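What follows is the residue order along each chain.
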Amino acid sequence: MRLALIMLGDRPTAEDVVQDAFLGLHRRWGHLRDRENALAYVRSAVLNNCRSALRRRRLTPRGRHEPPVWSAEAAALVGEERREVIRALQRLPARQREALVLRYFCELTEEEIARTMRVSRGTVKSTTSRALTALARILEEGER
């Protein structure tokens, strides 16, 4: 759910995307070669469904992402810096944003990210590196 929410920025669409991914897994369960990779399958499906949803929107975000709040203490911790990072993430190219979200929000390893994005580990490393550089530049511009 976190992956879809950060990629899309709105909870209803994120919930639909995740539900569709799990429904797809359920439909294909009998055809999976390696059921140990079911989580990777779902992540890939969520990411692909997010891409489709963003294409349907024509890459125009529908509202701002507000991180979920579970308590008053959590609400106090959700500040302007986090919102700035989310806004900066939304300005990155899709692949760079995906790599950073998978790495730092979903806490996946490079190998898991590579499987999810269906690219090599080297591509994950270079994409993540370029994304961090671009993100730093965007955040720096915002401070001026």
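Residues numbered from 1 in each chain as written. Predicted model: local features only at pLDDT ≥ 70, side-chain atom pairs only at ≥ 80, totals over all residues. Heavy atoms only, no water.

Q: Quick rundown of the pattern of salt bridges? Include the residues and the values.
A: The tally for this structure, following the rule as stated, stands at 7 salt bridges. We note a salt bridge from Glu111 to Arg115, for which the minimum N-O separation is 3.2 Å. Highlighted residues: Glu111 and Arg115, both in helix α7 (residues 110-117), separated by 4 residues, approximately one helical turn. According to the relative accessible area criterion, Glu111 is partly exposed, its value standing at 46%. Here Arg137 and Glu141 are joined by a salt bridge, their closest N and O atoms 3.6 Å apart. With Arg137 and Glu141 both in helix α8 (residues 121-143) and 4 residues apart, this pair spans about one turn of that helix. Among the residues examined, Arg137 registers a relative accessible area of 46% and is labelled partly exposed. The exposure class assigned to Glu141 is partly exposed, which follows from its relative accessible area of 36%. Among the ionic contacts, a cluster of salt bridges with common partners joins Arg51, Arg95 and Glu98. (Salt bridge = Lys/Arg side-chain N within 4 Å of Asp/Glu carboxyl O. Helix = DSSP H or I, 4+ residues; strand = E, 2+ residues; numbered from the N terminus. Buried < 20%, exposed > 50% of the residue type's maximum accessible area, 1.4 Å probe, protein only.)

Q: Can you lay out the confidence of the model for the protein for me, pointing to particular residues and giving the numbers?
A: Considering every residue of the protein, the mean pLDDT works out to 83; 83% of them sit at 70 or more. Taken element by element, the predicted model of the protein shows its lowest mean pLDDT in helix α4 (residues 72-77) (54) and its highest in α7 (92). (pLDDT = per-residue confidence, 0-100.)

Q: Before we move on, can you summarise the side chain of Gln96 with the specific residues and values?
A: Position of Gln96 among the secondary structure elements: in helix α6 (residues 94-105). With relative accessibility at 15%, the residue Gln96 sits in the buried group.

Q: Now, about the packing of helix α3 (residues 38-57) against α6: what can you tell me, with residues and values included?
A: Running from N to C, α3 and α6 cross one another at 140 degrees; their axes reach a closest spacing of 12 Å. Taken as axis vectors, α3 and α6 run oblique relative to one another. Here the hand of the crossing between α3 and α6 comes out right-handed. Listed contacts from α6 to Leu47, Arg51 and Leu54 of α3 are Arg95, Arg97, Glu98 and Leu102. (Axes fitted to C-alpha atoms, helices over the stretch in contact; angles between N-to-C directions. Parallel < 35°, antiparallel > 145°, perpendicular 65-115°, else oblique. Left-handed = near helix turned anticlockwise from the far one by under 90°. Contact = heavy atoms within 4.5 Å.)

Q: Go over α7 with me, naming the residues and quoting the values.
A: Along α7, the positions that sit buried rather than exposed are Ile113, Ala114, Thr116 and Met117. Buried residues of α7, viewed axially, fall in a sector of 165 degrees; they line one side. Looking at the residues trailing α7, positive phi occurs at Arg118, about 60 degrees. (Arc of directions from axis to C-beta.)

Q: Tell me about unusual backbone geometry, and name the residues and values.
A: Of note, Glu107 is a non-glycine position whose phi angle comes to about 55 degrees, a positive value. Phi is positive for Arg118, which is not a glycine, with a value near 60 degrees. Topologically, Arg118 is positioned in the loop between α7 and α8. The class for Arg118 is exposed, based on a relative accessible area of 61%.

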